[in-house]
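Below, each chain spelled out in residue letters.
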2 protein chains.
Amino acid sequence: MPPPLMVRFHGGEAGPWRVLRQRVLSGAPLPEARRLAVQEAAAPSPPGPIAWTLAGSTGNLRYTERIEADSLAARQEGLARPQAVHAALIPIRKNEAWWSLAQDERRAVLEAQSRHIAIGMDYLPAVARRLHHSRELGEPFDFLTWFEYAPEHEPAFDEMLGRLRAQREWDFVEREVEIRLVRELG
Amino acid sequence: MPPPLMVRFHGGEAGPWRVLRQRVLSGAPLPEARRLAVQEAAAPSPPGPIAWTLAGSTGNLRYTERIEADSLAARQEGLARPQAVHAALIPIRKNEAWWSLAQDERRAVLEAQSRHIAIGMDYLPAVARRLHHSRELGEPFDFLTWFEYAPEHEPAFDEMLGRLRAQREWDFVEREVEIRLVRELG
């Protein structure tokens, strides 16, 4: 488990990722942006005008149990695979009812009722994923999840999102935006 | 559950809390400070020289289950009680072994093996407490716990700390500093 990594996603005119489309699932949209830059830790900010910045930090496992963590580790692949030129950034904010639940209640909704971890497992190793926590940074979203996959796995990725969004856990989502991207190296 | 509150603890020459003593349990000490100011959210910073600032954010329950949360809520009292003129700030950093554990493993150490929640319950309502998370803010400590109690409950507070520090959970603590304070209104 590496130490927390602060990551800033800058929507604007710069960066290797071109925005294909923004889809608003619930709540307010983000301002329009043509490109996206991912800034890790103390790396320099991208040049040019920035339409929005979202920040989050990687961190320890919040719900995943050991047997699940080992299964995930055995199957998942890292970011920046050469063939994974498609990406999605999905910022989510959950409502007060979610954050007022105790740990056992949130775990029950997330996995016993919604199979969040199990559904994600079905799409490994095709879909690589990194979760960033934003809530305690005073950010407008609670989580920023970043996904990378090869173009031929887009239908599988779409299916995964559809299955997750049909679960009870999503009753607690009050804002969700999906930004689809393609990598275009300058 | 109120939204996360960002709190900055400033050790220096200002603030209503006079430092009685610093005790280093493990790791490096903090620089000497005569007084402490607690800055919540966007409140102004204290005047004068500052020896150190530690920041953390309140947040949702990480380990506490519903039955425990209800027992705590029925017994605990809030901060700023007039008689609770003694306080302690205890910043803690846990080691990489702790942060590499899965959620069920950390919960097992914290409660099944170490009775962290149950021990704290024994000292309610005498000791009021607020936990601040710092790890994902890039801070030198992972947690900042703030305690307030009346002078006659200091022996009970000392006993609580002794019991907690004797548990297996504390094998994972790599830095711990304890700052005892007394409130002196200007």
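Structure report, in brief. (Residues numbered from 1 in each chain as written. Chains lettered and ligands numbered in written order. Predicted model: local features only at pLDDT ≥ 70, side-chain atom pairs only at ≥ 80, totals over all residues. Heavy atoms only, no water.)

**Let's talk about the interface of chain B and chain A**
Stated precisely, the cut-off is as follows: Contacts were defined at the residue level, with two residues in contact if any of their heavy atoms lie within 4.5 Å. As a working definition, buried area equals the accessible area (1.4 Å probe) given up by two parts on being put together, with both sides summed. What makes a salt bridge here is a side-chain nitrogen of Lys or Arg within 4 Å of a carboxyl oxygen of Asp or Glu, nothing more. Any pair of nitrogen or oxygen atoms within 3.5 Å is treated as a polar contact; in protein, a donor-acceptor pairing is required on top of that, and neighbouring residues in sequence qualify only through side-chain atoms on both sides. What counts as a helix is a DSSP run of H or I of at least four residues, what counts as a strand is a run of E of at least two, and both are numbered from the N terminus. Each residue is assigned to one of three groups, with Ala, Val, Leu, Ile, Met, Phe, Trp, Tyr, Cys and Pro labelled nonpolar, Asp, Glu, Lys and Arg labelled charged, and all others, Gly among them, labelled polar.
Each side of the interface is counted separately: chain B has 27 residues, and chain A has 27 residues. Both faces considered, chain B and chain A share a buried interface measuring about 2,300 Å² in area, 44% of it formed by carbon and sulfur atoms. Note that A:Glu105 and B:Arg66 form a salt bridge whose closest N and O atoms lie 3.0 Å from each other. There are twelve residue pairs in polar contact (both at pLDDT 80 or more) connecting chain B and chain A. When residues of the side of chain B that touches chain A are traced back to their parent elements, those giving at least two are helix 2 (96–99) and helix 3 (103–113) of chain B. By residue number, the principal contributor to the side of chain B that touches chain A is helix 3 of chain B, which donates four residues. Tallied by class, the residues present in the side of chain B that touches chain A amount to ten nonpolar, eight polar and nine charged.

**Description of the side chain of B:Thr58**
Secondary-structure assignment places B:Thr58 in the loop between strand 4 (50–57) and helix 1 (66–75). Within the local environment of B:Thr58, its side chain forms a polar contact with the backbone nitrogen of B:Leu5, the two atoms lying 2.8 Å apart. When residues no more than four places from it in sequence are discounted, the contact partners of B:Thr58 are A:Glu136, B:Pro3, B:Pro4, B:Leu5, B:Arg130, B:Leu131, B:His132 and B:His133.

**A closer look at the environment of A:Glu176**
Residue and element names in this part refer to chain A. Applied cut-off: Think of it in three bands: with a 1.4 Å probe and only protein chains considered, a residue is buried below 20% of the maximum accessible area for its type, exposed above 50%, and partly exposed in between.
If you trace the backbone, glutamate 176 turns up in strand 8 (residues 173–183). Its relative accessible area of 2% is what places glutamate 176 among the buried residues. Along the primary structure glutamate 176 and leucine 144 are separated by 32 residues, whereas in three dimensions their C-alpha atoms are 9.9 Å apart. Within the structure, glutamate 176 has its side chain in polar contact with the side chain of arginine 165 (distance 2.9 Å).

**Focus on the relation of the copies chain B and chain A**
Which entries qualify depends on this criterion: The copies are overlaid by a least-squares fit using only the C-alpha atoms of residues whose pLDDT is at least 70 in both copies.
The two copies are related by a screw motion: chain B maps onto chain A through a turn of 180 degrees and a shift of 0.0 Å along the axis, at an RMSD of 0.0 Å. The operation mapping one copy onto its partner corresponds to a two-fold rotation axis. The residues that chain B uses at the interface reappear at the interface of chain A in 100% of cases, marking a shared surface.

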